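Here are the chains, one letter per residue:
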Amino acid sequence: MISGTETEDKIMLEVLNHPLITHKLTQMRRKDTGTKDFREHLDEIAELMAYEVCRDLPVKPVEIETPLAACTGYELSKEVVIVPILRAGIGLLDGIRRLVPTAKVGFIGLYRDEETLEPHEYFAKFPKNLDEAIVMVVDPMLATGGSAIDAITMVKARGAKNIKLVCLVGAPEGVKALQAAHPDVDIYLAALDDHLNENGYIVPGLGDAGDRIFGTK
Ligand code: PRP
Ligand code: URA
């Protein structure tokens, strides 16, 4: 597994293998972990990842008064927009919003055709001014990369320029495809796994994220 930050021609992949994230992800990977525990671990990992993903958010100076003195403080200077890819991206939303409660939320509905693995769009709704915002596209799984590539193309078409992709588990194939299609997008993962199997599932992975979050299988 690759870890750390790789910056080459502005391509950035960060694998956040913090012990707490790795521990919780291991519980999610176990095949016997039920829907409730799976969802709760995902929610907690989302919050931990958000702390790291937000590390470089821009701030602006503001003059304030504490009970003791006037001083210069710093506040976030750009709006954050979180865009979960439905369905499974919903599982990351609340954890990130706990850290960035002022974030606005857009939604992209995509499902992967089980035969062709091609993503199909069924829903899109965005707040205004994506061009000014830091846009976080979130989805637990980056497999072939097709869904994330389409989602990022959609937010770019609405003006987004500063985009971060936040996923739990990525396959090398998906990372490569994403970097080729959108080299300007920073990618954050909790783990970079080994490979995709013949059905387009990440190995070792954690199975079908949407089904495990929503108990649909
Ligand atoms: C899963 C996952 C990603 C996509 C990843 O969604 O949540 O969106 O597959 O695969 P890709 O990188 O090969 O595109 P799925 O299409 O199963 O829909 P769901 O979230 O509704 O379950
Ligand atoms: N989508 C999932 O939910 N899991 C995978 O392993 C691949 C795509």
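Before going into details, it helps to say that this report is about the structure given with it. (Residues numbered from 1 in each chain as written. Chains lettered and ligands numbered in written order. Predicted model: local features only at pLDDT ≥ 70, side-chain atom pairs only at ≥ 80, totals over all residues. Heavy atoms only, no water.)

1. Describing the nonpolar core
By size, the foremost hydrophobic cluster in this structure holds 40 residues, and its most contacted members are Leu25, Met49, Val80, Ile96, Leu168 and Leu206. Looking at this core, the element that brings in the most residues is helix 2 (residues 35–53), giving seven residues. For Leu25, the contacting residues outside a window of four places in its chain are Ile45, Leu168, Val169, Ala190, Ala191 and Leu206. In this structure, Ala133, Val137, Ala160 and Ile163 belong to the second largest nonpolar core, which totals 29 residues. (Core = buried A, V, L, I, M, F, W, Y, C linked by side-chain atoms within 4.5 Å. Buried < 20%, exposed > 50% of the residue type's maximum accessible area, 1.4 Å probe, protein only. Helix = DSSP H or I, 4+ residues; strand = E, 2+ residues; numbered from the N terminus. Contact = heavy atoms within 4.5 Å.)

2. Digging into the pairing of strand 5 (residues 80–86)
Extensive coverage of strand 5 is indicated by the burial of seven of its seven residues. The side-chain alternation of strand 5 yields two buried faces, one formed by Val80, Ile82, Pro84 and Leu86 and the other by Val81, Val83 and Ile85. Inspection of the sheet shows strand 5 paired to strand 6 (residues 104–105) by two bridges, in the parallel sense. Each residue of the ladder has a partner; that of Val81, found in strand 6, is Lys104. In this structure, strand 5 lies alongside strand 7 (residues 107–112), joined through two bridges in parallel fashion. Across the sheet, Leu86 pairs through a bridge with Gly109, a residue of strand 7. (Pairing = 2+ DSSP bridges.)

3. Topic: the site of ligand 1
The immediate surroundings of ligand 1 are formed by 16 residues, with Arg112, Asp139, Thr144, Gly145 and Ser147 found nearest. The separation between an oxygen atom of ligand 1 and a polar side-chain atom of Arg87 is 2.9 Å. Measuring from an oxygen atom of ligand 1, one finds a side-chain N or O atom of Arg112 at 2.7 Å. Starting from 500 Å² of accessible surface for ligand 1 in isolation, the protein chains cover 91%. Residue assignment for the shell around ligand 1 shows that the elements contributing at least two residues are strand 7, strand 10 (141–142) and helix 4 (146–157). In terms of residue count, the dominant contributor to the shell around ligand 1 is strand 7 (three residues). (Near = heavy atom within 4 Å. Polar contact = N/O pair within 3.5 Å; in protein donor to acceptor, adjacent residues only side chain to side chain. Areas by Shrake-Rupley, 256 points an atom, 1.4 Å probe, with all protein chains shown as cover.)

4. Focus: the side chain of Asp139
Structurally, the position occupied by Asp139 is in the loop between strand 9 (134–138) and strand 10. One buried charged side chain, Asp139, makes no salt bridge at all; its nearest oppositely charged neighbour is Arg112, positioned 9.0 Å away. Polar contacts involving the side chain of Asp139 include one to the main-chain amide nitrogen of Met141, which spans 3.1 Å. Aside from chain neighbours lying at most four places away, what touches Asp139 is Ile85, Ala88, Gly89, Leu92, Val166, Cys167 and Leu168. (Lys, Arg positive; Asp, Glu negative; His and termini not counted. Salt bridge = Lys/Arg side-chain N within 4 Å of Asp/Glu carboxyl O.)

5. Description of the site of ligand 2
The local shell around ligand 2 consists of Arg112, Met141, Ala143, Gly200, Tyr201, Ile202, Gly207, Asp208 and Ala209. For ligand 2, a nitrogen atom lies 2.8 Å from a polar atom in the backbone of Gly207. Contact with the protein chains removes 90% of the 240 Å² of surface that ligand 2 exposes when unbound. Split into classes, the residues belonging to the shell around ligand 2 amount to five nonpolar, two polar and two charged. (Nonpolar A, V, L, I, M, F, W, Y, C, P; charged D, E, K, R; others polar.)

6. Focus on the pairing of strand 11 (residues 162–170)
Here is the key point about a regular strand: its side chains alternate between the two faces of the sheet. With respect to burial, strand 11 is a largely interior element, eight of its nine residues being buried. Two elements, strand 9 and strand 11, share five bridges in a ladder whose sense is parallel. Following the sheet pairing, Met136 is matched in strand 11 by Lys164. Where strand 10 meets strand 11, two bridges bridge the pair, whose relative direction is parallel. Each bridged residue has a counterpart across the sheet, and for Leu142 the counterpart in strand 11 is Gly170.

7. Considerations on the pattern of salt bridges
Opposite charge on two side chains makes pairing possible when the charged atoms of those side chains draw close. Per the counting criterion, the structure on display carries eleven salt bridges. Where Arg55 meets Glu52, a salt bridge forms, and the shortest distance between an N and an O atom there is 3.0 Å. For Arg55, a relative accessible area of 59% gives the class exposed. Taking the relative accessible area as the measure of exposure, Glu52 reaches 23% and is therefore partly exposed. Linked by salt bridges that have partners in common, Asp43, Glu47 and Arg98 make up one network.

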